[in-house]
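What follows is the residue order along each chain.
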Amino acid sequence: MKLDEFPTKFPKLPGPMPIWHGTVDAVQFRSLCEQVARGGGKLVALWGSDELARDAGYALHVSLVTALGMLCLTLPLPAERPSYPKISDLFPCANRMQRATADMLGLYASGSNDRRKWVRHRAWPNNVHPLRKNFDGNAVFPTETDAYQFVKVTGDGVHEIPVGPVHAGTIEPGHFRFSIIGERVLRLEERLGYTHKGTEKLFERMNLEQGAKLAGRVSGDSTVAYAWAYAQAVESVTGTTPSPRAMALRAVLLELERIHNHLGDLGYLGNDVALAFGFAQFWILKENALRLNNELFGHRYLMDKVVPGGVACDLDAQGSERILQMLKHLEHEIGILKDIYDEHAGAQDRFLTTGRVSPDLAAELGLTGLPGRASGQAWDLRAQFPCAPYDKLDVRMTTHINGDVAARVTVRFEEVLESMRLIRLILDQLPAGELRVTVGDAPENALGLGWVEGWRGEILIALHTGKDNAIHRLHPHDPSWQNWPVLEHAIIGNIVPDFPLINKSFNLSYTGQDL
Amino acid sequence: MYQIIKQILRTGIKTETPPQPDDALRVEIQNLQEQILRHVGGALAIRCVDAGSCNGCELEIHALNNAYYNIEGLGIHFVASPRHADMLLVTGPVSRHMQVALKRTYDATPEPKLVVAIGDCGCDGGIFGESYASCGKVSNVIPVDVAIPGCPPTPTALLQGILTAITGSTKAENT
């Protein structure tokens, strides 16, 4: 099947995003993936599902993006020895997704040499798979020894530094294995999965209404993006259209989330190069934004404010005015702080050329989201496939080609300013309308996809419905899946003390990938 | 440098008055209290452990370091090793994959030590509860002195919980 034919042969899913879904065979599956990879497209997510109860074995699903939009492929797999053609040779980021799908569902990528477990450590044995329907989510297994094969680097003077899972700072848990010579890093290997807490299995106990709260807690720092993606998926399967007012308010919340996360990161990036002044200043600005969130919307991080059917908050003229005042102050302060960062020799010396991912490497590895844009990967859903209200705002995408820490700092500065511009435009013409419309019933065995540009990058929620508005299967996908493996490349040749800085400049989610 | 000093002076002092301790947050009576106060002597070293959270609670722990809450101004600071810590600040739910690491961190913290569990998940398992992958609340894995609910708890609530843990019970003092 030719790639161009896909949208003509298969239906577009209801909703604002250009997403087509079709069931294909293994040959078509592989061929379509090859065409997307060759044409410069990318892989957004890969997940599996257990369809035994429907007498349909298992299924493997992938979401691919091309200039047309998203193509979602479903490949049915047999009940006995379910396997599918690997795609990690086409999209390197698929490697961990394939391994996670083997851990969670027992679906194997044929032809893949890397059979190591990924999400599984010691909570359940090798031969059981938590996302199979016959797996009891409350089962507790005797703990096993957790042997994991790291790639060994050998040679004169090479030694290893193991770091984590408990890290020195207040950050999420994960393990980093550095192989170094002197101070230079020869190789970094990540081991994640420590925060795996059964999120996907938990979704399957919930109905469409209950799932909204959990979606907002897949990764707490991106709660608006996840909640919106979830709402979009539910609205797609139920044929619900939120009011223009609700869509506008969602965008205000999403941009506020982007602003406060970027401000926090800009502060920490200063802190990590011994410019504690930067931390103090940016975190005052962040705290101001969080307090205003709490005052206007009732939650500092805006949790549970985006709901299927619309929003669970409102904004009056006075509230709009408060936001505009906050933005005005923010703009003034950011102007001063950006000049100070730009002029600070010590900071720039640490930022420039550190943790560089060239645009070629970024394209090859599928670097996405904010770090992708800092390495010339021009993908931003708000600009490319804008849903309301972005379709009227002409979003300016920020890209840089240096791909170093300095570029990731610059992208953050520019994106904060763009988010401020967008909020101003939205508030200037905030449409009237219902805050939340009634969400109807969903048909059984339907697929809904929610796709939102969060501050880290694109968030995908893939929702498969069951009977009576139950969730049959839900896969939340964080861009960190794509970007963690690239961090391993970004550190090569840098010195160990620069790792915290490089890591912070990516600021990836552990919980969003461990699930 | 001139620009930095000018900005610092223009910003001024943002630090606010910290909250009072709250006995309601105590999980169990702290027998070690006097001993700890003697050791801590107004300065406290905290080691944070994310035992499986959604990263929401971590955001608020970070906020404690901002100029408004200025936790270091109270003599409380975050340290990089449990060996240097008087208190563990633990967010949950405790994933089964973090169970061993959390126990080891607890064991590595010298006596006397305090444990403060943070957030709805740390207090009772929260939305994640107990499952094949989650041990639920922090006290299912290590002993907890003070638990601070909230999703996530505000920095003020965190500060109050931490101060509750390091001050003697007001009830005990009254008797």
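The text that follows walks through the structure, step by step, so that each part is easy to find. (Residues numbered from 1 in each chain as written. Chains lettered and ligands numbered in written order. Predicted model: local features only at pLDDT ≥ 70, side-chain atom pairs only at ≥ 80, totals over all residues. Heavy atoms only, no water.)

### Description of the interface of chain B and chain A
A common measure of how large an interface is: the accessible area buried when the components associate.
(1) Moving on: Taken together, the contact between chain B and chain A spans 49 residues of the former and 62 residues of the latter.
(2) Moving on: Across the chain B-chain A interface, the total number found is three salt bridges.
(3) Moving on: One salt bridge in this structure joins Glu 16 of chain B and Arg 291 of chain A, with 2.7 Å as the shortest N-O distance.
(4) Moving on: Those elements that place two or more of their residues in the side of chain B that touches chain A are helix H1 (2-11), strand S1 (44-50), helix H3 (56-63) and helix H4 (99-108) of chain B.
(5) Moving on: Take the side of chain B that touches chain A: its biggest share by element is seven residues, from H3 of chain B.
(6) Moving on: When the residues that make up the side of chain B that touches chain A are grouped by side-chain class, the tally is 24 nonpolar, 16 polar and nine charged. (Contact = heavy atoms within 4.5 Å. Salt bridge = Lys/Arg side-chain N within 4 Å of Asp/Glu carboxyl O. Helix = DSSP H or I, 4+ residues; strand = E, 2+ residues; numbered from the N terminus. Nonpolar A, V, L, I, M, F, W, Y, C, P; charged D, E, K, R; others polar.)

### What to know about the sheet that holds strand S2 (residues 42-50) of chain A
Residue and element names in this part refer to chain A.
(1) Moving on: Strand order in the open sheet formed by four strands is S1-S4-S3-S2, with mixed pairing between adjacent strands. Edge positions in the open sheet fall to strand S1 (19-23) and S2, since each of these has one partner strand only. On average, adjacent strands in this sheet sit at an angle of 15 degrees to one another, irrespective of strand direction.
(2) Moving on: Across nine bridges, the pairing between strand S3 (residues 58-66) and strand S4 (residues 69-77) is antiparallel. From the neighbouring strand, Tyr 58 faces S4, where its bridge partner is Leu 77.
(3) Moving on: Of the strands in this sheet, S2 and S3 are in contact with helix H3 (residues 94-105), which crosses S2 at around 10 degrees. (Pairing = 2+ DSSP bridges. Axes fitted to C-alpha atoms, helices over the stretch in contact; angles between N-to-C directions.)

### With respect to the packing of helix H15 (residues 480-490) of chain A against helix H16 (residues 499-506) of chain A
All names here are of chain A.
(1) Moving on: Packing of H15 against H16 brings their axes to within 11 Å, and their N-to-C directions diverge by 150 degrees. Put simply, H15 runs roughly antiparallel to H16. Between H15 and H16 the crossing geometry is right-handed. Contacts between H15 and H16 involve Asn 483, Trp 484, Leu 487 and Ala 490 on the former and, on the latter, Phe 499, Ile 502, Asn 503 and Phe 506.
(2) Moving on: In terms of residue class, the contact of H15 with H16 is built from six nonpolar, two polar and no charged. (Parallel < 35°, antiparallel > 145°, perpendicular 65-115°, else oblique. Left-handed = near helix turned anticlockwise from the far one by under 90°.)

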